[in-house]
Amino acid sequence: MDDSLPPSPSNDQRPPGRMIKGRGATSNPEGRFENIRHQAEDDGWQSALLDEETPRPRTEVTEERARSVISRNDSPDIAFSQAINPYRGCEHGCIYCFARPSHSYLNLSPGLDFETKLRAKGNFAEVLRAELAKPGYVISPINIGSNTDPYQPIEKQWRLTRAALELLAECHHPCTIVTKNALVERDLDILVPMAREQLVQVFVSVNSLDNHLAAKLEPRASAPHRRIKAIRTLAGAGVPVGVLVAPIIPALNDRDMETVMAQAAEAGARCAGYTTLRLPYELKQLFREWLVLHAPQRAEHVMSLVQQMNGGRDYDSNFATRMRGQGVFADLLRRRFEVACRKHGFGRARELTLDTSRFVPPRKPSPQGELF
């Protein structure tokens, strides 16, 4: 199915293509489910003066009450069948994030709204406990962070990821974590005991070691060198950790693949994985806007290579190719990755087996407390 959309005008007050410090998106296009379009018009005032008075968009967090928190998938190209996400939207603001279009389901924009208008599932741990306690629950490792980063900045206040980890540790339930934030180090007191029981594996995402590029691509994530340090800290504490070089964007950050893998291996990463850039739905427009602003001389070349890897389109959702691409450039990336894996002794990301035999369903809260 063709999920492409025609470009829609921005409904943000700033001119389209204007960089906003600390944010990834440059506009706020309507989501694909909205039937009202907003068109900005020049009324003759000096926009430069008005822009100086326009405040930068601030992060707004709304609490929501979740009815269920475990999502399940049977996609053949995804290593896990269960996932949980404490937050909707992500303050990291990564312009390439494939999850941006999911904000359209909230009648919010995949652009600036995705990184500024966030939802926190306040009853997250409570609902997770109820779902794990169901008589028919079938255990398999749960991934934390499949859609948005569980350690994004608002986790410092909300602590929903930590609450989920405490529950999983209590139940001896295995999980995997994907993050690009060094805040994961905060929870070593939970992760280390889980690691001893083969109940956890952490993947740290690092797609470049260029701080200047990272500040534009993923403006509120931990700096690349800080993520490498987090790998070192986790590995040193005995927590199995891998590196994800994701996403690889041709002619933009692909040159860093081998260097990232080398530094991650030296820091203690045991395994590695990678994906190429995915541009579903509204993300096509947002990423093109970003390229024109931040890499204008390479914009056409980058998109040309992206299309070569997607059968001539901006994005091909075929399960067989959507994660790694197809064609000559995709084959070259695959060979480079395999050579680097052999050089550094990396196993595949799926090779670590987590223990599902220790699981004990959680007890439902009782006003009488624990008697025995």
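Residues numbered from 1 in each chain as written. Predicted model: local features only at pLDDT ≥ 70, side-chain atom pairs only at ≥ 80, totals over all residues. Heavy atoms only, no water.

### Side note on the overall build of the chain
No. 1: From N to C terminus, the chain includes twelve helices and eleven strands.
No. 2: Sorting the 372 residues of the chain into buried and exposed places 53% on the buried side.
No. 3: Residue pairs at least 24 apart in sequence account for 80% of intrachain contacts in the chain once pairs closer than 6 positions are excluded.
No. 4: Summed over its atoms, the accessible surface of the chain is roughly 17,900 Å², and 51% of this surface lies on carbon and sulfur atoms. (Helix = DSSP H or I, 4+ residues; strand = E, 2+ residues; numbered from the N terminus. Buried < 20%, exposed > 50% of the residue type's maximum accessible area, 1.4 Å probe, protein only. Contact = heavy atoms within 4.5 Å. Areas by Shrake-Rupley, 256 points an atom, 1.4 Å probe, with all protein chains shown as cover.)

### A closer look at unusual backbone geometry
No. 1: Here the bond from A246 into P247 is cis, since omega is -10 degrees, no more than 30 degrees from zero.
No. 2: Of note in the backbone geometry, N107 takes a positive phi value of approximately 60 degrees without being a glycine.
No. 3: Note on placement: N107 falls in the loop between β4 (87-88) and α2 (112-116).
No. 4: Of note in this structure, A251 is not a glycine but carries a positive phi near 65 degrees.

### Focus on helix α12 (residues 328-344)
No. 1: Taking 1.5 Å of rise per residue, the 17 residues of α12 would be expected to cover 24 Å, and the 25 Å separating its terminal C-alpha atoms lies within 8% of that figure.
No. 2: Positive phi shows up at G345, right after α12, with a value of about 70 degrees. (Expected span 1.5 Å × (residues − 1).)

### Here's the deal with the packing of aromatic side chains
No. 1: Tallied over the full model, the rule gives three aromatic pairs.
No. 2: Both rings, one in Y137 and one in F359, keep their centres 5.7 Å apart while their planes meet at 55 degrees; by these two values the pair is tilted. Here F359 lies in the segment after β11 (347-348) and Y137 lies in the loop between α3 (124-132) and β6 (142-144), a separation of 222 residues in the sequence.
No. 3: With relative accessibility at 17%, the residue F359 sits in the buried group.
No. 4: Taken together, a centroid distance of 4.7 Å and an interplanar angle of 50 degrees make the contact between Y274 and F337 tilted. (Phe/Tyr/Trp six-rings, centres within 6.5 Å; stacked < 30°, edge-to-face > 60°.)

### Quick look at the pattern of salt bridges
No. 1: As enumerated under the stated definition, the model contains 24 salt bridges in all.
No. 2: Close ionic contact of D314 with R288 constitutes a salt bridge, the shortest N to O distance being 3.0 Å. Highlighted residues: D314 in the loop between α11 (299-308) and α12 and R288 in helix α10 (residues 283-294), separated in sequence by 26 residues.
No. 3: For R288, a relative accessible area of 33% corresponds to the partly exposed category. (Salt bridge = Lys/Arg side-chain N within 4 Å of Asp/Glu carboxyl O.)

### Re the nonpolar core
No. 1: Counting 91 residues, the largest nonpolar core has L132, V202 and F287 as the members making the most contacts within it.
No. 2: Those residues in contact with V202 that sit more than four places away from it in its chain are I177, V184, L191, L234, V239, P240, V241 and G242. (Core = buried A, V, L, I, M, F, W, Y, C linked by side-chain atoms within 4.5 Å.)

### Observations concerning the environment of R67
No. 1: Following the sequence through the fold, R67 ends up in the loop between β1 (60-64) and β2 (71-72).
No. 2: The exposed category is assigned to R67, whose relative accessible area is 85%.
No. 3: Along the chain, R67 and F124 lie 57 residues apart, while their C-alpha atoms are 9.1 Å from each other.

### What about empty space enclosed by the protein?
No. 1: This model, assessed by the stated rule, comprises two cavities of 30 Å³ or more.
No. 2: Put simply, the second largest cavity is a space of about 30 Å³.
No. 3: Together, I248, P250, T276, L277, V306, M309 and N310 line the second largest cavity. (1 Å grid on protein atoms, 1.4 Å probe; cavity = no way out; pocket = protein on both sides within 12 Å on 5 of 7 lines; lining within 4 Å. Points joined across faces, edges and corners; volume = space filled by probe spheres on them.)

### Some remarks on α11
No. 1: What α11 keeps buried is the set A299, V302, M303, L305 and V306. Summarising the axial view, the buried residues of α11 lie within an arc of 160 degrees, below the 170-degree limit, and thus occupy one face.
No. 2: Against the buried residues of α11 lie α10 and α12. (Arc of directions from axis to C-beta.)

### Describing the confidence of the model for the chain
No. 1: Chain-level pLDDT for the chain is 90 on average; 87% of the residues reach the 70-or-more range.
No. 2: In this model, residues 44-53 is a region of pLDDT below 50 whose contacts with residues beyond four sequence positions or in other chains number three contacts. (pLDDT = per-residue confidence, 0-100.)

### Structural notes on the sheet that holds strand β5 (residues 117-121)
Sheet strands pair by backbone hydrogen bonding; their relative direction is either parallel or antiparallel.
No. 1: Here three strands make up an open sheet; going across it, the order is β1-β5-β4 and the pairing mixed. Where the open sheet ends on each side, the last strands, each with one partner, are β1 and β4.
No. 2: With two bridges joining them, β4 and β5 adopt antiparallel strand pairing. Residue pairing for β5: Y87 is matched across the bridge by A120. (Pairing = 2+ DSSP bridges.)

### Some thoughts on the packing of helix α9 (residues 257-267) against α12
No. 1: The geometry of α9 relative to α12 is characterised by a closest axis approach of 10 Å and an angle of 25 degrees between their N-to-C directions. As the angle between them shows, α9 and α12 are arranged roughly parallel. In the crossing of α9 with α12, the sense of the turn from one axis to the other is right-handed. Seen from α9, the contacting residues are M257, E258, M261, A262 and A265; seen from α12, they are L333, R336, F337, A340, C341 and H344.
No. 2: Partitioned by chemical class, the residues of the contact of α9 with α12 number eight nonpolar, one polar and two charged. (Axes fitted to C-alpha atoms, helices over the stretch in contact; angles between N-to-C directions. Parallel < 35°, antiparallel > 145°, perpendicular 65-115°, else oblique. Left-handed = near helix turned anticlockwise from the far one by under 90°. Nonpolar A, V, L, I, M, F, W, Y, C, P; charged D, E, K, R; others polar.)

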